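Summary of the model geometry
In case you want the letters, here they are:
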Amino acid sequence: MRNFWSFPSSCLTAVASSVPRPASRSQAARVLHNLPRASTAFPQPSRSTRAFSLTSRLFQHLRAASDEETMTVNTTDRLAALRSLMKERNVDIYVVPSEDSHASEYIAECDARRAFISGFTGSAGTAVVTLDKAALATDGRYFNQASKQLDENWHLLKTGLQDVPTWQEWTADESAGGKSVGIDPTLISPAVADKLDGDIKKHGGAGLKAINENLVDLVWGDSRPPRPSEPVFLLGAKYSGKGTAEKLTNLRKELEKKKAAAFVVSMLDEIAWLFNLRGNDITYNPVFFSYAIVTKDSATLYVDESKLNDEVKQYLAENGTGIKPYNDLFKDTEILANAAKSTSESDKPTKYLVSNKASWALKLALGGEKHVDEVRSPIGDAKAIKNETELEGMRRCHIRDGAALIKYFAWLEDQLINKKAKLDEVEAADQLEQFRSEQADFVGLSFDTISSTGPNGAIIHYKPERGACSVINPNAIYLCDSGAQFYDGTTDVTRTLHFGQPTDAERKSYTLVLKGNIALDMAVFPKGTSGFALDALARQFLWKYGLDYRHGTGHGVGSFLNVHEGPIGIGTRKAYIDVPLAPGNVLSIEPGYYEDGNYGIRIENLAIVREVKTEHQFGDKPYLGFEHVTMVPYCRKLIDESLLTQEEKDWLNKSNKEIRKNMAGYFDGDQLTTEWLLRETSPF
């Protein structure tokens, strides 16, 4: 989302009235992305409401101009062009991942190669193209979407279903007979590349081949969107809480521990955090395209210098950080590799550290296995433990975010029940964004709002599209999963509501999910406990009835950074076993239940991990618990009190009292919202 704070009102109005009507929603996004940006200075609170009111009208103007996109793309010509390039390079099979060269979850349009070649636009999936076949693998969240978007050229691999091969297995099977498999090495990690290479050879293939030019980019040609080049701005100490000099000192201590000469940083959110900078190159994530190299006595940021204003340049200089062009990174890693080779005859060869999410290309450029150690990033670990300034920012921004959501839910109920309005899912989400934009320090959304009515809520990662989404049914369950970026924090909250009369089955399902949320929130556990160990607490009440949900229970959240942040989480992923929760972590608690074709239920809060006092301390270990920061009440209509224990009722009463206290002053003169809040937070 753009920063419009510095525009005069007349300028915003003029821009809103002059933009052309885009032909599709994606074109609308590009129009938004190319609007001018005047300043990266922090906003003036006194101007926020007016500026964002105009900004929101601009977004609504653009969105309203969007027509329904064609669900299926004819990929025949694209595949023919790709296969021609494959033949020229003696490649029999070509793999197209979803990720960019920084392993980003969200990517810029210029990096949406898998979407371009296949027509499938979901966030997760891998395309594999042979000289006569094409397969797209994705998980259960996207089976329905992929089946609609893929044309007859493609075979859908439904990952996770019995007897369905993974994309790696399918690729290895197809490689039999000495076929070569190619991939852009910047888009795959060394570990995945190494395993894939071994699997290919076991099946009689020639192995995995690094193709340094991306073949999909060549097919895309001049139609490929340009790489974003948005301004980078400084996140001051008021929000960051810790200076870059201190962060670099701590990182160098890690280098010393591991006897490494340098750490090459490739993850965009890690670079943004390390240097206290933020950008706008990727939708919903305040990051910018860059790399960094930190040695024992130097730090270099690889970034397009035209993005940096004088304030940023001065800050970097004051913190001992040089600036080099983004494209110089691989040239400089080769220099490091050559330096390492010159000392390779010694007993202790030079070692460089990279994240275990870094690219295969980066490892190769640094000299390969002998000179590179892939590690869980020490920056990622440090970033996941928020300092007191960041934690207080998370508390504050969730109060403001809660005020916006409470106002929205009261408004939506009034529109549907009292005014009998016909609102579709996107129109409702637009209004929520408007309410959020009126809050101080609002920057933009942290992800696409999941505004879903009835059966759409059962699609876990449902994304409503203008012109193709459902009208909200007041007599069906409504699930809203949404979040925002504020200068002082990132929010992510899900609430499930019913505006009519829910069935007994719906109330039971909702209450079982709520009990799981409460149980995990109330958990006390010894230091060293992982999110893997805690996952069952949220599922236990569903399990008693033979029910469950097919997603993790929680993910880490950044501080005005990515809404999904590693390395912590709550769930059954193997990665969560290795990383214990620690005081200062911020993560979601979001159990759910989904009945295909009928409804979906999810209740999500963000919580801070903190040390708690216990009567005893077995093994002299400190004990930890959660402090939830989300300030939005639960749907009274959907709660079956007969299923709640007195302890759970006490927890709800305490939570509701806290919400009322924090909302003081937000709804003065707003009778509609005030009455809704008092009703939803009435004592049990």
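As the structure is a prediction and not an experimental result, all values here were calculated from the model. (Residues numbered from 1 in each chain as written. Predicted model: local features only at pLDDT ≥ 70, side-chain atom pairs only at ≥ 80, totals over all residues. Heavy atoms only, no water.)

**Comments concerning unusual backbone geometry**
The step from Gly566 to Pro567 runs through a cis peptide bond, and the omega angle for that step is 0°. Counting through the fold element by element, Pro567 comes out in strand β23 (residues 565–570). Phi at Asp163 is positive, roughly 65°, even though this residue is not glycine. Among the structural elements, Asp163 can be located in the loop between β4 (155–158) and α7 (167–174). One non-glycine residue, Lys259, lies in positive phi territory at about 55°. Relative to the elements of secondary structure, Lys259 occurs in the loop between α11 (244–257) and β8 (262–265). (Helix = DSSP H or I, 4+ residues; strand = E, 2+ residues; numbered from the N terminus.)

**Examining the sheet that holds β4**
With mixed pairing, 6 strands are arranged side by side in an open sheet as β4-β3-β2-β1-β5-β6. The strands lining the two open edges of the sheet, one partner per strand, are β4 and β6 (207–210). Direction aside, neighbouring strands of the sheet carry axes that sit 25° apart on average. As defined by bridge partners, strand β5 (residues 180–183) adjoins β6 across 4 bridges and the pair is classed as parallel. (Pairing = 2+ DSSP bridges. Axes fitted to C-alpha atoms, helices over the stretch in contact; angles between N-to-C directions.)

**As for the side chain of Glu506**
With respect to the helices and strands, the residue Glu506 is situated in helix α19 (residues 504–521). Excluding residues that lie within four positions of it along the chain, Glu506 makes contacts with Ile477, His498, Tyr599, Ile601 and Leu638. (Contact = heavy atoms within 4.5 Å.)

**As for the environment of His498**
Residue position: His498 is located in strand β20 (residues 493–498). Here His498 falls in the buried class, since its relative accessible area comes to 2%. Expressed as a C-alpha distance, the spacing of His498 and Cys635, which sit 137 residues apart in the sequence, is 7.3 Å. Those residues in contact with His498 that sit more than four places away from it in its chain are Pro474, Asn475, Ala476, Ile477, Glu506, Cys635, Lys637 and Leu638. Reaching out from His498, the side chain makes a polar contact with the backbone oxygen of Asn475 at a distance of 3.3 Å. Within the structure, the side chain of His498 is placed 3.0 Å from the backbone nitrogen of Gly500, a separation counted as a polar contact. (Buried < 20%, exposed > 50% of the residue type's maximum accessible area, 1.4 Å probe, protein only. Polar contact = N/O pair within 3.5 Å; in protein donor to acceptor, adjacent residues only side chain to side chain.)

**As for the packing of α7 against helix α8 (residues 190–202)**
Viewed as axis vectors pointing N to C, α7 and α8 meet at an angle of 40°, and their least axial separation amounts to 8 Å. Seen from above, α7 lies across α8 with right-handed handedness. In this structure, α7 uses Trp167, Gln168 and Ala172 to contact α8, whose residues at the interface are Val192, Leu196, Asp199 and Ile200. Each residue belonging to the contact of α7 with α8 can be placed in one class, and the counts come to 5 nonpolar, 1 polar and 1 charged. (Left-handed = near helix turned anticlockwise from the far one by under 90°. Nonpolar A, V, L, I, M, F, W, Y, C, P; charged D, E, K, R; others polar.)

**Some remarks on the pattern of salt bridges**
With the rule as written, the count across this model stands at 42 salt bridges. Measuring nitrogen to oxygen at the nearest pair gives 3.9 Å for the salt bridge that ties Asp111 to Arg227. Note that Asp111 is positioned in the loop between β1 (93–96) and α5 (113–118) and Arg227 in the loop between α9 (215–220) and β7 (233–234), a separation of 116 residues in sequence. What makes Arg227 partly exposed here is its relative accessible area of 34%. A salt bridge links Arg466 to Asp430, with the nearest nitrogen and oxygen atoms 2.6 Å apart. Highlighted residues: Arg466 in the loop between β16 (450–453) and β17 (477–482) and Asp430 in helix α18 (residues 425–437), separated in sequence by 36 residues. The residues Arg466 and Asp430 share a single accessibility class, namely buried. (Salt bridge = Lys/Arg side-chain N within 4 Å of Asp/Glu carboxyl O.)

**Details of α8**
Across its 13 residues, α8 extends 18 Å between first and last C-alpha, which sits within 8% of the 18 Å expected from 1.5 Å per residue. Those residues of α8 not exposed but buried are Pro190, Ala193, Leu196, Asp197, Asp199 and Ile200. Those residues of α8 that are buried are in contact with α7, β5, β6, α15 (360–365) and β14 (372–375). (Expected span 1.5 Å × (residues − 1).)

**A word on the confidence of the model for the chain**
Residues of the chain with pLDDT of at least 70 account for 89%, and the chain-wide mean is 90. Considering only residues more than four positions removed or in separate chains, one finds that residues 1–70, a stretch of pLDDT under 50, has 125 contacts. (pLDDT = per-residue confidence, 0-100.)

**Brief notes about the packing of aromatic side chains**
Applying the stated criterion across every chain, the model contains 20 aromatic pairs. Geometrically, the ring pair formed by Tyr634 and Trp651 is tilted, given 6.1 Å between the ring centres and 45° between the ring planes. You can see Tyr634 sitting in the loop between β28 (623–628) and α22 (646–662) and its partner Trp651 sitting in helix α22, a full 17 residues away along the chain. For Trp651, a relative accessible area of 10% puts it in the buried group. One aromatic cluster in this structure is built from Tyr408, Phe409, Trp411, Phe435 and Trp676. Positioned above the aromatic ring of Phe541 is the side chain of Lys515, whose terminal nitrogen or guanidinium carbon lies 4.7 Å from the ring centre. (Phe/Tyr/Trp six-rings, centres within 6.5 Å; stacked < 30°, edge-to-face > 60°. Lys NZ or Arg CZ within 6 Å of the ring centre and 35° of its normal.)

**A short note on the sheet that holds strand β19 (residues 489–490)**
With antiparallel pairing, the 3 strands of this open sheet are ordered in space as β15-β18-β19. Only two strands of the sheet have a single neighbouring strand rather than two, namely β15 (442–445) and β19. Pairing analysis gives 3 bridges linking β15 to strand β18 (residues 484–486), with the strands arranged antiparallel. Within β18, the residue paired with Phe442 across the bridge is Phe486.

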